[in-house]
Every structure is written in structure tokens, then in C-alpha cells.
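Below are the chains, spelled out letter by letter.
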Amino acid sequence: MAQNTPLNTEKPTRNIYQFGEASEIALATKNLHVFYGNNEALSEGDLQFERYKITSLIGASGSGKSTFLRSLNRMNDNVATVKGEIMYRGLDINSRAVDVYEMRRHIGMVFQRPNPFAKSIRDNITFALKQRGMKDKEQLDAIVESSLRQAALWDQVKDDLGKSALALSGGQQQRLVIARAIAMKPDILLLDEPASALDPISTSQIEDTLLELKEKYTIIIVTHNMQQAARISDYTAFFHMGKVLEYDETRKIFTRPKVAITNDYISGNFG
Amino acid sequence: MDQIRESLLKTSVATKKERFGKTITMAALILIGLVVISIFYFVASKGLATFFTDKINFWDFMTGKTWNPSTNGSNGKPQVGALPMITGSFMITVLSAIVATPFAIGTAIFMTEISPKYGAKILQPVIELLVGIPSVVYGFIGLTVVVPFIRSIFGGSGFGVLSGTVVLFVMILPTVTSMTVDTLRSVPQYYRESALAIGATQWQAIYKVILRAATPGILTAIVFGMARAFGEALAVQMVVGNAAIMPQNLTSPASTLTSILTMGIGNTVMGSMQNDVLWTLALILLVMSLIFNIIIRLIGKKGELK
Amino acid sequence: MQAKTVNKIATGVLYIIAGLVILILAALLGYILVNGVPHLSWHFLTAPSRAFQAGGGIGIQLFNSFYLLILTMLISFPIALGAGIYLNEYAKKNWFTTMIRTAIEILSSLPSVVVGLFGFLLIVVKLNFGFSILSGAIALTLFNLPLLTRSVEGSLNSISNLQREAGSALGLSKWETVLHVILPAALPSIVTGVVLSAGRVFGEAAALIYTAGQSAPALDFGDWNPFNMASPLNPLRPAETLAVHIWKINSEGIMPDAAAVSAGASAVLVIAVLLFNILARWLGKVIFKRLTAAR
């Protein structure tokens, strides 16, 4: 198949989408390098993410997509060395001058496996807010309701907000985790394969939720599931061996990829 | 100006809390470190005074057979030969470990391999309870049961190395057993299954596979038991007889480092030579516990290599 | 055939060994309880001891043991908690951490008599606290810290990293996450560890002989002002504990009913350790249920 045919010289080896002057960029990386010890897991991650859009990061295991995502809100600080710039609101948030905890309130993250706290559903959402000094009960209640509604969970749990979050199903837990993240009113939401541990029904519910959320949030999602990327995202970046080989509008990537390896990956030849 | 941008450049409450938490927890840890350092410093400085301040020869101290700090010997120097106590301590430690080892390993195999159900339900809780029994209780039972029993069989006073060995054997047995049980349980199940699958009898599987795999852990358990026996003070002191003379046989009154130390420290004046030599005994205990520690580490390292 | 015979013999031998051990352990427990329990009475548990006559009790020693235990826990738990948190949550793999871990391991393997003598030298003599409950509590703290620290560390370590990530992703500092998420989740096993270590502390004697002292002055149980000398709460009074009492009356041999008193006191100690063991498991379970149950 395509793997065996020599690369067409007319096909470029890289294709990175250039945003126009008019587009609003929520987050951009410049010359990002991530090292685990002496191993370089990611190099030259130069990407821009448009506001109020969903961007998918795809690629095989070990391609560097999760590493990239986790670097964006510095979840890799204690595990890896991250070099380069991550520009957010005109600041390089990878610099030590930026307060990492404050930054993560604006750039939230949801992980592969649902990780609700061993607390009640309500406390899961209010805990971080309370830690940041919000005390007004009505205000907290309002946030609990609105974030659970946004995560499409409100109707299922509104009568037992005092119940332990661990009693929820996996899909419900993941939506609670999303509600917990948006309760902080972040700018940007990073999701690391949020549906990979869930059944198909929960997955489609989460996808619906994300599509609604993009009205208010910039979403960057790592996924293994090509159909998922095609269904929900506006832009897609293809990671291969620690580099971004192709970054384009999703429909272009999935119909007419410009880079040969991207074509191989999305048509299932490896990965 | 962008409010979020501003807030990103300030020190957040979370950062302040983090600094606070990290500082106080680190302080707690450093406190423990300081305690260990000061224990070594104080005991060493006291214990070494025997040699530096009181000018007692190190080898005379370690090999002398007469312990009588308040009188001077024929050479005009105080009679402070610690060999009787050192011998007593080592004899009791080694003997009790030798006796305890087969019992501990046997019981542990029984509990994990032969009858896991019975082992977990009855033996496990009893052994855990016995690990926690205070050593004075062992000493008291030694005094009221073991000593009279040995007296009736071997004659003499009944106090001595043998009584000490019996008491320490019973005392370290639960510890060594429960550590061995932990080791045997950590041997992966497929070791057993694959041995039995190729037609080994249960005993062959135990002897040739499981015990081999568990050897470092079992050795650690034994050394741990020996360290406990070596450092045990009161239980031994109650049954050993506390005569600072070389043990003639297993049933004659003898002494250990700990027993002479416990008896003597209250009867001597701080800073005197008679007191200093006791601190030297304490220093020997300290060094021995270090050595046991190093042995356990070495066993652990060798175990890793396999 | 031969392998099967060996197998039979070996299994038989193992049964005999296990049987012997059960016999020894059962005889030991039985002896303590059978000899001790008949001596237990309200009078025995509450009356002060008598040095030269028969018929004394262990009231003051029992109280001292509990008071000392509580003081020890009050001092050692916060330190062990802090150290455990640092080791599990903050410590990086470097020379400092390795050194401290080694130090803790060494401290846990030191003979308690050496720890007691250090307490005697530093606290009783140099800091001039005298033979007192406080000196004893500090010595027992040194004795208790390594095990308690490790048990706290182990409890924290058993909590999934997902919880820590969850806190981080919400912009919470590690400290906030540990304090409000990880610690509550680890509470059942921390409590179990604390109660088990309490059992150990309760029966310790060697570390106390030269720190808390070997005398039990009369106490006025109507006086709860900790600054009065006769007050049970005074932390600066000398205080012989139950375990020390057993050792002392047996080594001195002047109390006429020393054997009976020791038997009773030993039974009390063993029953206390048993209760601590049961309590540890029970409390752990109860707290775990309360944490995970739907409210």
C-alpha cells in the first residue's frame, strides 16, 4: 500500500495550517521541546489554537501527542523538562514568572480515566472554588447547577448531589469531571482521551457535551479514535515520532491529507 | 489591561499555601534527621570518653574477661573487660535465631502453602497479636516459667544463657514468622503453578522454587529478628542472671550488653569512668544495630540482582 | 514414588512444626490470661500499688501508661504526619531524601534501651526535665516516629495518583490536594497505623526506665490542674508505667505478691494490645465506610 510506494516528491513532508490575521488565537506554542531525562519525546511543536474551536491531536501511541497536551498547562513540570514557549494572553506561561496554579485555573484538564474525588457530587464541584475563597452558598449552588447542566449531567443527579461521586457510572463520572473543570470557568479545556475508557453510549454523550461547550471554551482534545476526531473537531494535528507532520482543518485532513504518512495513519495502515 | 494576564503574574494563594505546606512538612522530616544525628553524637561522645578521657585501651576493653569497674586490676587500671557481655549478647542472639528459624519458616510455609485458609484465619491474627506483646511480659513469663523449669532440669539457679535464649526465641518467633509469611506471599502465584504443572510435588515446588525465590526475604526476616534479640533489654535482663562473668555453660548466670547497661546506669555518677564504660556498651549496641542494618541492605541488594 | 514419599514426610514435618508453634503461642497467651485474669478486679485496676505489702493495685501505673500514650501520640503524630507527607508527596530522588530515609530506617532499628538512654542524657539531664512524663513522652516519640512515619507514607502512597492529577488540573496546589483530598482518603489506614503503634508504645518499658522514671508518687485524682505536683495531669512528675512496674517489682523482689501483681498487670497489657489491634481494624473499617458510603 501507500507505505511501499516511494514518497511523491510533489507531496510535502510537512503541512502546517497558517491562521489568518483575523482569527483569534487562544494558545500557541513556539519551538516546544519535551525531554524525559535525555530522551526527547517531542520537538518543534509549533501550533496555534483558535478560540472557540475544537482541535484534535491524533497520532500513534508514543507520537508525543499526550506529552504535548500535558505540557500545555504544565502538568509535566515534575516529570519532564519542557523547553520553548507557550503563549497565552501575550504571556509565556512556560516561564517560571507565571503562577502555575493560577494558570491551571484558566487552562483546565480532563484525563483519560475519570478521577472524581472521593467526595459528594456537590463537593467535587465546589471544593476547588471554596479553596479559592468562594463562600457564598447560593453562588456555589448556582455554579453546581450550571456546570452540571453544561456537562449534561444535571438531570441525572440533581436529586442526589450529596451522594458520593464514586457511586456514579464511568460515563457519569467523566461528565462530572468535565463539570468540575468548567466550574472553574476556564478559558481553555484540555482533554486527554476523555472517552477512551468509556462505552459507546457514554462516548457519544461526552462528544455531544463537547460540541455544546465549544460555544464558550477553546477545546484541545487528544484522541485515539479517528472517527471521533472527524466528528467533533474543527482542526486536527497529526503527531508522528515527536513532531507535528500535518495540521489542518479536520475535513481536509480526513479527505485530502497532504502528507503521505498522515494518509497512512488515517487509513489505518499503522497506529 | 487583561485581568487574567495580571493575575498570572502574581503569586497566587495556592502558591503561598504550597510554600507553607512544603516548609512545615520538610521541617518535620529534618527534625527526625537531626534526632538521629544527635543520638549518634551523644552516645558516641559519651561512649568514646572511656578511651579518650579515661585512657582505657580499646583492645583491653573489647577482650578483657573481667568486668569490675570500681576496682583496679593488677596493672593498676580499672577492670573493664566487656567480653563477657559481648559474648553473652552474641550467644543469646545467635542461639535464639538458630532455634527460631526452622520454626518460623515451617510455620510460614504451613500458613501460606499448606493450609492458607487456616493460616489466615487463626494463625495470622494470633501472630500479629504476639508481635505486639510487650517484652516485659515475655520477661515475666521467662522468670516464672522458663527459669524454674530449667532449674528443675539442669539444676543451678536456672538463670543464664539458656533461659535468655528460650525467652528471646519465643519473642522473635512471631516477628520472624510474620515477615517470612509476607515474603512467601510475595512470591508470584505462577511460580507455584508452573512448578506443579511440570509434575513437581508440593514439597518440591516449595523447596526448589518458592523457598529459593524467597531466600533474600527470609534472610532479612532472620537478621531482623537477630537485631531485635540483640537490642532487647528487659526481657533478657530478667532471666539471664546479670553476672558479668564469662558464661561457663548455658545454664550458669551470665549477662548481656543490655542487661548490664540497664542495671548499671542508675547506680553510677554521670561523667565518672564507671558511667562512661556503660555508655561504651551502649555505643557497641548502636554500632551493632548499624551493622544489622547494613546486612539487611546488602541482602536486599543481592536479592534485587537475581 | 520417592518424590511422593518425601512430599508426605515434609508435609508431615510442616504440620508438626506449625502445631508446635501453635501450641507454644497458645500456651503463652493462655498462661498470661489464665494466671492474670483472676487477679483483675476493680480494686486491682484502681488502687495505688504497695511496695512492701501485698494487696496493692496498679491504678496509678495504668493511668500513667494511658497519659503517657496520649502525650506521646500528641507529639509524635504531627511530626510523623509531616514527615510522611513530605516523603511521599514532595521528596525527589536525591541524596537528601536517601539520607533521611536511611536515618529513619536506622532509628527504627535502634534498641529501645539506647533510645531511652539518649532521652535520659539529653532530656532528663542536659535539658533538666528530670524523670517525668514529658521526658518519657519525648523518648517514646523518638521510638515511635520511624514506624509511624513509614505507616503514614505507606497510607498516602496507596492513594491513586489520579486524585493528585485531578487536584493539579483544577489549579490546586499539591498541599491543598494532599490536605483535603489525599489525607481524607488515606485516613482509614492512617488511623489503623496510629492505633497499632499505640499498642507498641503502651507496652514499651526499656525506653522509659530512665526517662519517665521508676516511681509512682501518689496522685490526687480530684486535682486536675496540670501545674500542681499531685495532679494526675502534671507532665513534669515522675511516672512509672504498667510495663515498667512489671519489670521493677520483678527485679527488686521486695513486693510480697509481686508474682500475682505481675500476672495481673501482664494480662492487662496483653488485653490492651488485643484491644488496640481490634480497635485499629474496626476504626479503619468504620472510617472507610463513612468515607465511601452514599450520604
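If you look chain B up in an unreviewed UniProt entry, it shows as Phosphate transport system permease protein from Periweissella beninensis. In its Subcellular location (unreviewed entry) section, the UniProt record describing chain B reads: "Cell membrane".

Chain A carries the name Phosphate ABC transporter ATP-binding protein in an unreviewed UniProt entry, which gives Periweissella beninensis as its organism.

On to the overall build of chain B, then. Helix and strand counts for chain B come out as 12 helices and two strands. Its helices and strands in sequence order give chain B the pattern α-α-α-β-β-α-α-α-α-α-α-α-α-α, from N to C terminus. The C-alpha radius of gyration computed for chain B amounts to 26 Å, which surpasses the reference 19 Å derived for 306 residues by more than 25%, pointing to a less compact arrangement than a globule. Considered along the principal axes of its C-alpha atoms, chain B spans approximately 90 × 70 × 35 Å. Here chain B holds 306 residues, and 54% of them are scored as buried. Of the contacts formed within chain B by residues at least 6 apart in sequence, a portion of 69% connects residues at least 24 apart. In the form shown here, chain B has an accessible surface area of approximately 13,400 Å², with 66% of it arising from carbon and sulfur atoms. With 22 positive and 12 negative side-chain charges, chain B shows a separation of 3 Å between the mean positions of the two kinds.

Further remarks concern the sheet that holds strand S10 (residues 218-222) of chain A. Residues and elements named next belong to chain A. Taken together, the seven strands give an open sheet; going across it, the order is S1-S12-S11-S5-S10-S9-S8, and neighbouring strands pair in mixed fashion. Looking at strand neighbours, the two that pair on one side only are strand S1 (15-16) and strand S8 (107-110), the edges of this open sheet. Across four bridges, S8 lies against strand S9 (residues 188-192) in parallel orientation. From the neighbouring strand, Gly108 faces S9, where its bridge partner is Leu189. The sheet strands contacting helix H7 (residues 200-213) are strand S5 (54-59), S9 and S10, and the helix crosses S10 at an angle near 150 degrees.

This paragraph deals with the UniProt feature "domain: ABC transporter" (unreviewed entry) in chain A. When the UniProt feature table is mapped to this numbering, "domain: ABC transporter" (unreviewed entry) covers residues 27-266 of chain A. Helix makes up 38% of residues 27-266 of chain A and strand 26%, with an end-to-end C-alpha separation of 26 Å.

Taken together, the contacts link 75 residues of chain B with 74 residues of chain C. For the pair chain B and chain C, the two sides together bury roughly 6,800 Å², of which 82% comes from carbon and sulfur. Our count for the contact surface shared by chain B and chain C stands at three salt bridges. One salt bridge in this structure joins C:Arg281 and B:Glu128, with 2.7 Å as the shortest N-O distance. Taken together, the links from chain B to chain C amount to 12 residue pairs in polar contact (both at pLDDT 80 or more). Its residues assigned to classes, the side of chain B that touches chain C shows 51 nonpolar, 18 polar and six charged.

Take a nonpolar patch on the surface next. Residues C:Leu274, C:Leu275, C:Ile278, C:Leu279 and C:Trp282 make up a contiguous nonpolar surface patch of about 490 Å² in total accessible area. By the element assignment, C:Ile278 lies in helix H10 (residues 258-292).

Our focus in this paragraph is the UniProt feature "domain: ABC transmembrane type-1" (unreviewed entry) in chain B. Residues annotated by UniProt as "domain: ABC transmembrane type-1" (unreviewed entry) correspond here to residues 86-296 of chain B. The straight-line gap between the two end C-alpha atoms of residues 86-296 of chain B is 21 Å; of that span, 80% is helix and 0% is strand.

What follows covers the nonpolar core. Judged by nonpolar contacts, the single largest core of 207 residues is most densely connected at A:Leu148, B:Phe61, B:Trp67, B:Tyr138, B:Leu261 and B:Leu281. Taken domain by domain, the makeup of this core includes at least three residues from each of domain 1 (2-53) and domain 2 (80-305) of chain B. Apart from the residues lying within four places of it in its own chain, the contact partners of B:Trp67 are B:Phe61, B:Gln79, B:Val80, B:Gly81, B:Ala82, B:Met85, B:Ala244, B:Ile260, B:Val277, B:Leu278 and B:Leu281. Judged by nonpolar contacts, the second largest core, of 38 residues, contains A:Leu27, A:Leu42, A:Leu57 and A:Ala237.

Contacts between chain A and chain B engage 15 residues on the former and 14 residues on the latter. Interface of chain A and chain B: buried area, both sides summed, is about 1,300 Å²; carbon and sulfur atoms make up 57% of it. There are zero salt bridges connecting chain A and chain B. On the surface where chain A and chain B come into contact, there are eight residue pairs in polar contact (both at pLDDT 80 or more). No other element matches helix H2 (residues 100-106) of chain A, which puts four residues into the side of chain A that touches chain B.

Moving on to the confidence of the model for chain B. Mean pLDDT over chain B stands at 90; residues scoring 70 or higher make up 99%. Of the two predicted TM-score estimates for the complex, the pTM is 0.90 and the ipTM is 0.90.

With that settled, the discussion passes to the UniProt feature "transmembrane region" (unreviewed entry) in chain B. Residue and element names in this part refer to chain B. The positions UniProt marks with the feature "transmembrane region" (unreviewed entry) are residues 20-44, 90-114, 126-150, 156-176, 209-230 and 277-300. Structurally, residues 20-44 comprises 100% helix and 0% strand, and the distance from its first C-alpha atom to its last is 36 Å. Helix makes up 100% of residues 90-114 and strand 0%, with an end-to-end C-alpha separation of 34 Å.

Reading the values: the criteria
Residues numbered from 1 in each chain as written. Chains lettered and ligands numbered in written order. Predicted model: local features only at pLDDT ≥ 70, side-chain atom pairs only at ≥ 80, totals over all residues. Heavy atoms only, no water. UniProt positions renumbered as here; feature names shortened; annotations may be inferred. Helix = DSSP H or I, 4+ residues; strand = E, 2+ residues; numbered from the N terminus. Rg over C-alpha atoms; globule rule 2.2 N^0.38 Å. Buried < 20%, exposed > 50% of the residue type's maximum accessible area, 1.4 Å probe, protein only. Contact = heavy atoms within 4.5 Å. Areas by Shrake-Rupley, 256 points an atom, 1.4 Å probe, with all protein chains shown as cover. Lys, Arg positive; Asp, Glu negative; His and termini not counted. Charge placed at Lys NZ, Arg CZ, Asp CG, Glu CD. Pairing = 2+ DSSP bridges. Axes fitted to C-alpha atoms, helices over the stretch in contact; angles between N-to-C directions. Buried area = accessible area lost by both parts, 1.4 Å probe. Salt bridge = Lys/Arg side-chain N within 4 Å of Asp/Glu carboxyl O. Polar contact = N/O pair within 3.5 Å; in protein donor to acceptor, adjacent residues only side chain to side chain. Nonpolar A, V, L, I, M, F, W, Y, C, P; charged D, E, K, R; others polar. Patch = residues over 30% accessible without salt bridge, like charges linked within 9 Å, V, L, I, M, F, W, Y side chains within 5 Å. Core = buried A, V, L, I, M, F, W, Y, C linked by side-chain atoms within 4.5 Å. Domains from an automatic or database assignment. pLDDT = per-residue confidence, 0-100.

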